Amino acid sequence: AIELAIDNQAIIDSIAGGMGTPTRTSVTPGNFGSNPDLYNQYLYDPERAKQLLAEAGYASGGPKMTFSASTQYKEIAEVVAAYLEAAGFQVELELLEPSKFSETLNAKGFKDLFLLGVGNSLFDASNNYNRFLQANNAGETDWINAEAEELLQAALRNMDPESRTRQYQRVQEIIAEDRPTIYLYQMEGIYGMNERVAFTPRLDEMFIAEEISLKS
């Protein structure tokens, strides 16, 4: 119901200035193990979300939840909270300063739902999905799925790129079905650059001084 209540594309258009791609996975193109079937995809059906809440016994008032976010994502969090409330959830929006948000994240101290922006400097699906191993997700999602656990553990040892890719792609399908996490969109990188500068943006969004130079 949470995923169905949120219009990913509307958030991209209104807040990100259209500079984003909706996604149901965080392993986006350019990273090892990406699943193209889940990229540039999103589900939005607010009426179905309301129906699911009614079927769960919340026809006269949705479940209460605390939704936490860093102040740097204030606008996105407010829009998401509005979508959830429109579907019938009762949302208490908690906005935290970035340092407090990071502290709470590291302590796994969030209550029901939190908004997180993630990157992938390793270009590998393990960087995104090791957090869903049962040993790592306790106290955060507490998600248990035997097939996903087996696949994630096997992928850590697998040296064959083709089968390892399939393992991570299946994990992403399982997560899209079970929804221990819900993805919104991949933000496009926007750069302003003087015409005298030679610089090619990196997929990991890092700036390496040696890779930036003046044109001869």
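Residues numbered from 1 in each chain as written. Predicted model: local features only at pLDDT ≥ 70, side-chain atom pairs only at ≥ 80, totals over all residues. Heavy atoms only, no water.

Draft legend 1. Local environment of empty space enclosed by the protein. The tally for this structure, following the rule as stated, stands at one cavity of 30 Å³ or more. Taken as a whole, the largest cavity encloses approximately 40 Å³ of empty space. If you trace the largest cavity, you find it lined by E3, R24, I175, A176, R179, T181, I182 and Y183. Taken together, the residues of the lining of the largest cavity break down into four nonpolar, one polar and three charged. (1 Å grid on protein atoms, 1.4 Å probe; cavity = no way out; pocket = protein on both sides within 12 Å on 5 of 7 lines; lining within 4 Å. Points joined across faces, edges and corners; volume = space filled by probe spheres on them. Nonpolar A, V, L, I, M, F, W, Y, C, P; charged D, E, K, R; others polar.)

Draft legend 2. Region of the structure containing unusual backbone geometry. In this model, K108 sits at a positive phi of 55°, which is unusual for a non-glycine residue. Assignment of secondary structure puts K108 in the loop between α5 (98-106) and β4 (113-114). One non-glycine residue, R179, adopts positive backbone phi at about 60°. Along the polypeptide, R179 turns up in the loop between α9 (161-178) and β5 (185-187). Take R179: its relative accessible area is 36%, and that puts it in the partly exposed class. (Helix = DSSP H or I, 4+ residues; strand = E, 2+ residues; numbered from the N terminus. Buried < 20%, exposed > 50% of the residue type's maximum accessible area, 1.4 Å probe, protein only.)

Draft legend 3. The arrangement of the environment of A69 in detail. Along the chain, A69 turns up in strand β2 (residues 64-70). The spatial distance from the C-alpha of A69 to the C-alpha of F101 is 7.1 Å, given a sequence separation of 32 residues. Beyond its immediate stretch of four places on either side in the chain, A69 contacts A77, E94, L95, L96, F101 and L115. (Contact = heavy atoms within 4.5 Å.)

Draft legend 4. Seen up close, the sheet that holds β2. One open sheet accounts for three strands, arranged β3-β2-β4; its pairing is parallel. What marks the edges here is a single partner per strand, and that holds for β3 (90-96) and β4. Taken strand by strand, helix α4 (residues 74-87) contacts β2, β3 and β4, and its axis lies near 170° from that of β3. (Pairing = 2+ DSSP bridges. Axes fitted to C-alpha atoms, helices over the stretch in contact; angles between N-to-C directions.)

Draft legend 5. Structural detail: the pattern of salt bridges. Under the defined criterion, the tally for this structure stands at 13 salt bridges. With a closest N to O distance of 3.0 Å, R170 and E147 form a salt bridge. Placement of the pair is R170 in helix α9 and E147 in helix α8 (residues 146-157), with a sequence separation of 23 residues. Taking relative accessible area as the criterion, R170 reaches 26% and is therefore assigned partly exposed. (Salt bridge = Lys/Arg side-chain N within 4 Å of Asp/Glu carboxyl O.)

Draft legend 6. Layout of the pairing of β3. In this sheet, β3 lies alongside β2 in parallel orientation, the contact comprising seven bridges. Each bridged residue has a counterpart across the sheet, and for K64 the counterpart in β3 is Q90. A crossover links β2 with its parallel partner β3, the connecting element being α4, and its sense is right-handed. (Right-handed = clockwise from strand over helix to strand, strands pointing away.)

Draft legend 7. View of the pairing of β2. For β2, a buried count of six out of seven residues is recorded, marking the element as mostly surrounded by other parts of the structure. Across two bridges, β2 lies against β4 in parallel orientation. Residue pairing in the sheet places S68 in a bridge with F114 of β4.

Draft legend 8. Molecular detail of the packing of aromatic side chains. A complete count under the given rule lists eight aromatic pairs for this structure. Ring geometry for F110 versus F114: centroids 4.6 Å apart, planes at 25°, classification stacked. The class for F110 is buried, based on a relative accessible area of 12%. The class of F114 is partly exposed, set by a relative accessible area of 24%. For the pair Y191 and F199, a centre-to-centre distance of 5.9 Å together with 65° between the ring planes defines the contact as edge-to-face. Residue classification places F199 among the buried residues on the basis of a relative accessible area of 14%. A network of ring pairs unites the aromatic residues F101, F110 and F114 as a single cluster. (Phe/Tyr/Trp six-rings, centres within 6.5 Å; stacked < 30°, edge-to-face > 60°.)

Draft legend 9. Highlighting the packing of α8 against α9. Running from N to C, α8 and α9 cross one another at 150°; their axes reach a closest spacing of 9 Å. In this view, α8 runs roughly antiparallel relative to α9, as classed from their interaxial angle. The handedness of the crossing between α8 and α9 comes out as left-handed. Residues E147, A148, L151, L152, A154, A155 and L156 of α8 pack against R164, Q167, Y168, R170, V171 and I174 of α9. Here the residues of the contact of α8 with α9 are counted per class, giving nine nonpolar, one polar and three charged. (Parallel < 35°, antiparallel > 145°, perpendicular 65-115°, else oblique. Left-handed = near helix turned anticlockwise from the far one by under 90°.)

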